[in-house]
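Residues per chain, in single letters:
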Amino acid sequence: MERSDPRVARPDIVAEGAPGVADRDDVARARAGDTRAYERIYRRHAARIHGLTRRMMGPDGADELTQDVFVRAWEKLGTFRGEAAFGTWLYRLAINVVLTRRAWLGTQRSRLDDHEETLHAVPARPALTDLGMDFERAMERLPKGAREVFVLHDVEGYKHEEIAGMLGVTTGTTKAQLHRARMMLRKHLEA
């Protein structure tokens with residue numbers, strides 16, 4: 001599969017019929033080794049997956065993480081049972097890849113310096129003076145948990161129960177994180 005920029009993916013290029021039918025046909029062909037069919041799947045879904053990875057991890061690693069999601073999907077294509085739409089399966093796979101990457105990054109960071117006093121010595125971020133800060137930049141400034149819940153709930157439309165299951169927390173935690181994210185976004189955007 002050729003590596004291309006997912007931001008220029010053309011979701012309008014689909015096989016004949018509804019996207020669900022096109023996905024089903026292309027998944028069957030891709031399972032049989034048809035890389036062109038998998039490329040069509042990639043083009044249909046890359047923009048949405050890239051948006052998810054960018055919102056959950058920030059813009060720096062989104063391109064690489066999007067590619068990782070599609071590599072993982074290629075490897076796991078045989079496990080897709082067709083009980084849900086392929087896009088739903090792929091989206092859930094992407095969330096798992098993002099959460100795994102976050103855990104790995106957390107482990108890497110903990111190896112660098114695990115002294116609690118180090119965190120207290122770090123100065124707080126200076127107040128923002130840029131009145132033109134956009135929403136995406138404001139989302140990037142959210143703490144990890146608040147950003148995850150905000151993206152999954154307010155951007156992607158998941159319910160608190162679903163988010164709690166995905167993240168392995170309680171619905172009370174997701175509601176608190178969502179409130180925290182909204183308050184922080186309001187503060188950043190009003191500054």
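Coordinates for the structure precede this section.
Residues numbered from 1 in each chain as written. Predicted model: local features only at pLDDT ≥ 70, side-chain atom pairs only at ≥ 80, totals over all residues. Heavy atoms only, no water.

*Asks:* Can you help me understand the overall build of the chain in this one?
*Replies:* Across its full length, the chain carries nine helices and zero strands. Each helix (α) and strand (β) of the chain, taken in turn from the N terminus, gives the series α-α-α-α-α-α-α-α-α. For the chain, long-range pairs separated by at least 24 residues make up 68% of all intrachain contacts whose partners lie at least 6 apart in sequence. Accessible surface computed for the chain: about 11,600 Å², of which carbon and sulfur atoms make up 51%. (Helix = DSSP H or I, 4+ residues; strand = E, 2+ residues; numbered from the N terminus. Contact = heavy atoms within 4.5 Å. Areas by Shrake-Rupley, 256 points an atom, 1.4 Å probe, with all protein chains shown as cover.)

*Asks:* Can you walk me through the environment of D134 in this structure?
*Replies:* One can find D134 in the loop between helix 5 (116-121) and helix 6 (135-140). Expressed as a C-alpha distance, the spacing of D134 and H188, which sit 54 residues apart in the sequence, is 9.4 Å.

*Asks:* Help me understand the packing of helix 7 (residues 144-155) against helix 9 (residues 171-190) in this model?
*Replies:* Two quantities define a packed helix pair, namely the angle between the helix axes and the distance between the axes. Following both chains from N to C, one finds helix 7 and helix 9 inclined at 95°, their axes separated by 8 Å at the closest point. The pairing of helix 7 with helix 9 is recorded here as roughly perpendicular in orientation. Contacts between helix 7 and helix 9 pair G145, A146, V149, F150, H153 and D154 from the former with T174, Q177, L178, A181, R182 and L185 from the latter. Of the residues assigned to the contact of helix 7 with helix 9, the class counts are six nonpolar, four polar and two charged. (Axes fitted to C-alpha atoms, helices over the stretch in contact; angles between N-to-C directions. Parallel < 35°, antiparallel > 145°, perpendicular 65-115°, else oblique. Nonpolar A, V, L, I, M, F, W, Y, C, P; charged D, E, K, R; others polar.)

*Asks:* I tried to follow the packing of helix 2 (residues 35-57) against helix 3 (residues 62-76) on my own but got confused; where do I start?
*Replies:* Where helix 2 meets helix 3, the closest approach of the two axes is 8 Å, and the angle between their N-to-C directions is 135°. It follows that helix 2 is oblique to helix 3 by the angle criterion. Seen along the crossing, helix 2 lies across helix 3 with a hand that is right-handed. Every residue of helix 3 that contacts helix 2 at T35, Y38, I41, Y42, H45, A46, I49, H50, T53, R54 and M57 is listed here: A62, D63, L65, T66, Q67, V69, F70, A73 and W74. (Left-handed = near helix turned anticlockwise from the far one by under 90°.)

*Asks:* Explain the packing of aromatic side chains to me, please; I cannot follow it from the model alone.
*Replies:* Centre distance and the angle of the planes are the two values used to describe a pair of aromatic rings. Applying the stated criterion across every chain, the model contains six aromatic pairs. Judged by centre distance (4.7 Å) and plane angle (70°), the ring pair of Y42 and F70 falls under edge-to-face. With a gap of 28 residues between them, Y42 in helix 2 and F70 in helix 3 connect regions that are remote in the sequence. For the pair formed by Y42 and F70, the shared burial category is buried. Ring centres of F80 and F86 lie 5.3 Å apart, and the angle between their planes is 90°; this geometry places the pair in the edge-to-face category. Residues F80 and F86 agree in their burial class; the two are buried. (Phe/Tyr/Trp six-rings, centres within 6.5 Å; stacked < 30°, edge-to-face > 60°. Buried < 20%, exposed > 50% of the residue type's maximum accessible area, 1.4 Å probe, protein only.)

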